[in-house]
Amino acid sequence: MTVYRCCVGGCDNDSRYKEKIVKRSHVEGELRWHHIPKQPEKRKQWTKNVSKGLSGFVASDHKTVCSNHFEYGKPTFASPNPTLFSVPSDKNKSSPRKRKLPTRTSEGPSTKETKELKYKETGSQCTIINPLAYSSLTFAHLTREHDVNNFTGLTVKSFRLIFDHVKGKALVMHYWKGPKRTGDLSKLKIDRQMRALTLEQEFLLTMMKLRLGLFLFDLTFRFDISASATSSIFTTWVKFLAKELKWRLVWPDRVDTHRNLPDMFRKYYPKCRVLLDCPEIYIETPSDLAVAAQCWSDYKHHRTIKFLVGITPNGAISLPSDGYGGRASDLFIVEDCGFVNYLKPHDQVMGLMSGKPHL
């Protein structure tokens, strides 16, 4: 009888113990075992992916990878390599031990004792000592590429690349505490050791807020922190990312735009320079009545903010404008933000009006 065992670190699937085999929800049918390919290029890519988190991994013909680690449950043309194991560990976690409920006469732990059970400061991060007392959401909980895209709007690779790019400066950034307390930088101290979340969790919180438009109380519940800390983290990271990633937004030259035109644009719209749209984003009602009036949108029947977004024909964002209240018309935003100054004679602009493109 041939024995198959998954060689991915943290995965205990073994064909000899069928009762212990764990099959993920995205795998259709029976769990299968896929041998590491013999072709040099494919084997090199498989070895590179599987060796993440392992020391001294050596690929061989008899080693296999189970279906859990493929995006579609098996190698396909679109996704031939195992990728899902690179986000979290697939190792099964033992169920937590039952805790005794406190009686009416017993005194519960003080706030100081509870905090000591949850966190231990180790350098610039907070380590969880008692996982039973902490249920904060982490990036490792998103076990599939599809989940990462739904929650953050990014791929796993993009999430890692952006976070690794800004992590160094994020370690020493000052957190937003209001315009009066944040304005005097001489009195601020780096408070990384006082935070309950890691930098990766803070970045995840920010991307989830931007992607899903979650309320603060929702994020407070998901990450098990206070509402004030959630607001401070989100405001800080938005301002920080706006500064650090601004260099990625450039207005391309006409020659570069034409060189990268998709085939359909090259055939029907060869002079198209940019696609324009004014998306509206729902916001909570501002406390200032004047600001609330400026943000009211008759189209959405809600308070919103609007941006003029320019996108190149091949899909790259090239021109984001400042924010405007929902009361401002699209024509006013186009004229006020100075978009016309970017155009040259004979340039074509495609605008989305009533859901249909118009030149």
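Residues numbered from 1 in each chain as written. Predicted model: local features only at pLDDT ≥ 70, side-chain atom pairs only at ≥ 80, totals over all residues. Heavy atoms only, no water.

An unreviewed UniProt entry lists the protein under the name THAP domain-containing protein 11, from Stylophora pistillata. We quote the UniProt Cofactor (unreviewed entry) comment for the protein here in full: "a divalent metal cation". (UniProt positions renumbered as here; feature names shortened; annotations may be inferred.)

Draft legend 1. Representation of the environment of Pro82. Along the chain, Pro82 turns up in the loop between strand E2 (64-66) and helix H2 (111-118). Sequence-wise, Pro82 and Cys66 are 16 residues apart; in three dimensions their C-alpha atoms are separated by 9.1 Å. With residues up to four places along the chain from it excluded, the contact list for Pro82 reads Trp46, Asn49, Val50, Val65, His69 and Phe70. (Helix = DSSP H or I, 4+ residues; strand = E, 2+ residues; numbered from the N terminus. Contact = heavy atoms within 4.5 Å.)

Draft legend 2. View of the packing of helix H3 (residues 145-152) against helix H6 (residues 199-212). Close contact between H3 and H6 brings their axes to 7 Å; oriented N to C, the two are set at 70°. Comparing the axis directions of H3 and H6 gives the class roughly perpendicular. Only Leu204, Met207, Met208, Arg211 and Leu212 of H6 make contact with H3, whose side of the interface consists of Asn149, Asn150, Phe151 and Thr152. Counted by class, the contact of H3 with H6 contains five nonpolar, three polar and one charged residues. (Axes fitted to C-alpha atoms, helices over the stretch in contact; angles between N-to-C directions. Parallel < 35°, antiparallel > 145°, perpendicular 65-115°, else oblique. Nonpolar A, V, L, I, M, F, W, Y, C, P; charged D, E, K, R; others polar.)

Draft legend 3. Region of the structure containing the nonpolar core. Ranked by size, the top nonpolar core spans 29 residues in total, and within it Leu204, Leu205, Phe223 and Trp237 carry the most contacts. Among the elements of the structure, helix H4 (156-170), H6, helix H7 (216-223) and helix H8 (227-244) are those that each provide at least two residues to this core. Within the second largest apolar cluster, 14 residues are counted, among which are Cys7, Cys11, Ala59 and Cys66. (Core = buried A, V, L, I, M, F, W, Y, C linked by side-chain atoms within 4.5 Å. Buried < 20%, exposed > 50% of the residue type's maximum accessible area, 1.4 Å probe, protein only.)

Draft legend 4. Molecular detail of H8. Along its 18 residues, H8 runs 26 Å from first to last C-alpha, staying within 8% of the 26 Å computed at 1.5 Å per residue. Those residues of H8 that sit buried are Ala229, Thr230, Ser232, Ile233, Phe234, Thr236, Trp237, Phe240, Leu241 and Glu244. Tucked inside the fold, the buried residues of H8 contact H4, H6 and H7. (Expected span 1.5 Å × (residues − 1).)

Draft legend 5. View of the packing of aromatic side chains. Under the criterion given, the structure shown has 12 aromatic pairs. Between Trp251 and Tyr342, the aromatic rings sit 5.2 Å apart at their centres with planes inclined by 45°, giving tilted as the arrangement. You can see Trp251 sitting in the loop between H8 and helix H9 (254-259) and its partner Tyr342 sitting in the loop between helix H12 (330-336) and strand E12 (348-353), a full 91 residues away along the chain. Taking the relative accessible area as the measure of exposure, Trp251 reaches 22% and is therefore partly exposed. Taken together, the ring pairs connect Phe139, Phe159, Phe163, Phe203, Trp237 and Phe240 into an aromatic cluster. It is Lys20 that lies over the ring of Tyr17; its NZ or CZ is 5.8 Å from the centre. The ring of Phe234 has Lys209 sitting right over it, with the charged end atom 5.8 Å from the ring centre. (Phe/Tyr/Trp six-rings, centres within 6.5 Å; stacked < 30°, edge-to-face > 60°. Lys NZ or Arg CZ within 6 Å of the ring centre and 35° of its normal.)

Draft legend 6. Expanded view of the pattern of salt bridges. Counted according to the given criterion, the structure contains 10 salt bridges. Of the charged contacts, one joins Glu200 and Arg160 as a salt bridge, the two residues approaching to 2.4 Å between their closest N and O atoms. Of this pair, Glu200 sits in helix H6 while Arg160 sits in helix H4, and the two are 40 residues apart along the sequence. Given a relative accessible area of 21%, Glu200 falls into the partly exposed group. (Salt bridge = Lys/Arg side-chain N within 4 Å of Asp/Glu carboxyl O.)

Draft legend 7. Structural context of the side chain of Thr312. The residue Thr312 is located in the loop between strand E9 (309-311) and strand E10 (317-320) in this model. For Thr312, the side chain forms a polar contact with the side chain of Asn314, separated by 2.4 Å. Residue contacts for Thr312: discarding those within four places in its chain leaves Pro252, Arg273, Leu275 and Ser318. (Polar contact = N/O pair within 3.5 Å; in protein donor to acceptor, adjacent residues only side chain to side chain.)

Draft legend 8. Region of the structure containing the layout of surface pockets. Within this model, the largest pocket holds a volume of roughly 2400 Å³. What lines the largest pocket is a set of 46 residues, and nearest its centre among them are Leu210, Val238, Ile281, Phe307 and Pro320. Looking at the lining of the largest pocket, the elements with two or more residues in it are H6, H8, strand E6 (280-282), strand E8 (302-306) and E10. If one sorts the elements of the lining of the largest pocket by residue count, H8 sits on top with eight residues. Residues of the lining of the largest pocket, tallied by class, amount to 28 nonpolar, 10 polar and eight charged. For the lining of the largest pocket, the two domains that each supply at least three residues are domain 2 (139-186 + 194-247) and domain 3 (249-351). (1 Å grid on protein atoms, 1.4 Å probe; cavity = no way out; pocket = protein on both sides within 12 Å on 5 of 7 lines; lining within 4 Å. Points joined across faces, edges and corners; volume = space filled by probe spheres on them. Domains from an automatic or database assignment.)

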